[in-house]
Amino acid sequence: MAGTASAGVRRSPLAPYLLVGPGVIWLILFYVVPTLALARTSVSGGSPWWGGYARAFADYGDHLGRSFGYAGLATTAAFLLGYPLAYVMAFRAGRLKNLLLGLVILPFFTTFLVRTFAWKTILGDGGLAVSVLSFLHLIPEEGRLLNTSWAVVGGLTYNFLPFMILPIYVSLEKIDKRLVEAAQDLYSSPLRVFIKVVFPLSLPGVFAGGLLTFIPASGDFINAELLGSPNQRVLGSVIQGQFLTVRDYPLAAALSFVLMIIIIALVLTYTRILGTEDLA
């Protein structure tokens, strides 16, 4: 009877398309169409059509290099700071796990701009950071942190650190604790257990966290504008200025495409090197 009843229920061949249809329409309207419009704008600046792309490298190569340099440093710093915290949350926190998890996501209750302004106050010449570092003789008496590359990288690291911690924590939380116990039963040292068991199993989280940190950090310009000087301007700052101030739309569109294409190339290379498709 059950088999007959189940056989009598027929699925419509259109059901899968109806389920994915809204998402596909959303992507077409708000991603494909704007991208095509941006591509058309980037080649509408006159002859030759590739002039905007040539200028992107000739005139703004330094800005492009700073964008990816700052993003790479911030991603590395976020990993070095975030992995130990995620490890403690997953394996050592006990009752404090939920508290630590709440503290990680707490910055999201404040807007990105306000958090960056707070760092501007902290890193200012009369701020707490400069006073402490001067007292410890880690910077000269007249030294400063604000309007330096270190301030920009620090701001990026702070703002995107939760995007690194959370995926790594999820991967570590999913690890079967019996694997760790088995390695310990085979007389592996804690360091060897971490290198041979824990870290390889957490690579999907590292992969996802790296992407979620590096991609937005590459296009961010708020930290460079508020925490840096003109010497720390990144490509995002140039794109904003070309769109809103200079109104050179073809050049701004070409710069945006160059940034996007390089990010895609770096992500594909990163994926191939890490050798994982599991994004946790």
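Small disclaimer: the values here were computed from a predicted structure and weren't measured. (Residues numbered from 1 in each chain as written. Predicted model: local features only at pLDDT ≥ 70, side-chain atom pairs only at ≥ 80, totals over all residues. Heavy atoms only, no water.)

Student: I'd like to hear about the overall build of the chain, residue by residue, with values.
Tutor: Helix and strand counts for the chain come out as 14 helices and zero strands. Counting helices and strands in the order they occur from the N terminus, the chain gives α-α-α-α-α-α-α-α-α-α-α-α-α-α. Taking all 280 residues of the chain together, 36% fall into the buried category. Relative to all contacts within the chain whose residues are 6 or more apart in sequence, the contacts with residues 24 or more apart total 75%. (Helix = DSSP H or I, 4+ residues; strand = E, 2+ residues; numbered from the N terminus. Buried < 20%, exposed > 50% of the residue type's maximum accessible area, 1.4 Å probe, protein only. Contact = heavy atoms within 4.5 Å.)

Student: Explain helix 10 (residues 190–201) residue by residue, including any values.
Tutor: A rise of 1.5 Å per residue sets the reference length of helix 10, with its twelve residues, at 16 Å; its end C-alpha atoms lie 15 Å apart and thus fit the reference within 8%. When we look at burial in helix 10, the residues that qualify are Val193, Val197 and Val198. The buried residues of helix 10 occupy an angular sector of 85° when projected down its axis, which confines them to one face. Facing away from the buried side of helix 10 by more than 90 degrees, the exposed set consists of Leu191 and Lys196. Close packing links the buried residues of helix 10 with helix 4 (61–91), helix 8 (149–174) and helix 9 (177–185). (Expected span 1.5 Å × (residues − 1). Arc of directions from axis to C-beta.)

Student: With reference to specific residues and values, describe the nonpolar core.
Tutor: Counting 26 residues, the largest nonpolar core has Leu156, Leu235, Leu255 and Leu259 as the members making the most contacts within it. The element contributing the most residues to this core is helix 14 (residues 249–274), with six residues. Contact partners of Leu156, with chain neighbours within four places excluded, come to Tyr70, Ala74, Ala217, Asp220 and Asn223. Judged by nonpolar contacts, the second largest core, of 20 residues, contains Ala78, Met89, Ile168 and Val197. (Core = buried A, V, L, I, M, F, W, Y, C linked by side-chain atoms within 4.5 Å.)

Student: Lay out the packing of helix 8 against helix 11 (residues 203–219) with the relevant residues and their values.
Tutor: Taken N-terminus to C-terminus, the directions of helix 8 and helix 11 make an angle of 160°; their axes are 7 Å apart at the nearest point. Here helix 11 runs roughly antiparallel to helix 8, going by the angle between their axes. The crossing of helix 8 and helix 11 is right-handed. On helix 11, the residues that touch Leu156, Phe160, Phe163, Met164, Pro167, Ile168 and Ser171 of helix 8 are Pro204, Gly205, Val206, Ala208, Gly209, Gly210, Leu212, Thr213, Pro216 and Ala217. (Axes fitted to C-alpha atoms, helices over the stretch in contact; angles between N-to-C directions. Parallel < 35°, antiparallel > 145°, perpendicular 65-115°, else oblique. Left-handed = near helix turned anticlockwise from the far one by under 90°.)

Student: Please give an account of the packing of helix 4 against helix 10 that cites residues and values.
Tutor: With their axes 13 Å apart at the nearest point, helix 4 and helix 10 run at an angle of 90° to one another. Between helix 4 and helix 10, the angle falls in the class roughly perpendicular. Contact with helix 4, carried on its side by Phe79, Tyr83, Tyr87 and Phe91, involves Phe194, Val198 and Phe199 of helix 10 and no other residues of that element. Grouping the constituent residues of the contact of helix 4 with helix 10 by class yields seven nonpolar, no polar and no charged. (Nonpolar A, V, L, I, M, F, W, Y, C, P; charged D, E, K, R; others polar.)

Student: Could you give me a rundown of the environment of Leu161, with the residues and numbers involved?
Tutor: Mapping Leu161 onto the fold places it in helix 8. Taking C-alpha positions, Leu161 is 5.3 Å from Ala78, a pair spaced 83 residues apart along the chain.

Student: So, the packing of aromatic side chains: which residues are in play, and what are the values?
Tutor: Within the structure shown, the criterion is met by 14 aromatic pairs. A centroid spacing of 6.2 Å and a plane angle of 20° characterise the contact between Phe68 and Phe214, whose relative ring orientation is stacked. Of this pair, Phe68 sits in helix 4 while Phe214 is found in helix 11, placing the two residues 146 residues apart along the sequence. Like Phe68, the residue Phe214 is buried in the burial classification. Here the aromatic rings of Phe207 and Tyr270 are separated by 5.3 Å at their centres, their planes lie at 5°, and the arrangement is stacked. With Phe207 in helix 11 and Tyr270 in helix 14, this pair connects stretches of sequence that are 63 residues apart. One aromatic cluster is present, formed by Phe79, Tyr83, Tyr87, Phe91, Phe194 and Phe199 through successive ring pairs. (Phe/Tyr/Trp six-rings, centres within 6.5 Å; stacked < 30°, edge-to-face > 60°.)

Student: Mind laying out the pattern of salt bridges, listing which residues take part and the relevant values?
Tutor: In this structure the tally under the stated criterion is six salt bridges. Ionic pairing is found between Arg55 and Asp248, a salt bridge with its closest N-O pair at 3.7 Å. Note that Arg55 is positioned in helix 3 (residues 51–58) and Asp248 in the loop between helix 13 (235–246) and helix 14, a separation of 193 residues in sequence. On the basis of relative accessible area, Arg55 is assigned to the partly exposed category, the value being 34%. The class for Asp248 is partly exposed, based on a relative accessible area of 21%. For Arg144, the salt bridge identified is with Asp125, shortest N-O distance 3.1 Å. Of this pair, Arg144 sits in the loop between helix 7 (128–135) and helix 8 while Asp125 sits in the loop between helix 6 (112–122) and helix 7, placing them 19 residues apart in sequence. Linked by salt bridges that have partners in common, Arg55, Asp59 and Asp248 make up one network. (Salt bridge = Lys/Arg side-chain N within 4 Å of Asp/Glu carboxyl O.)

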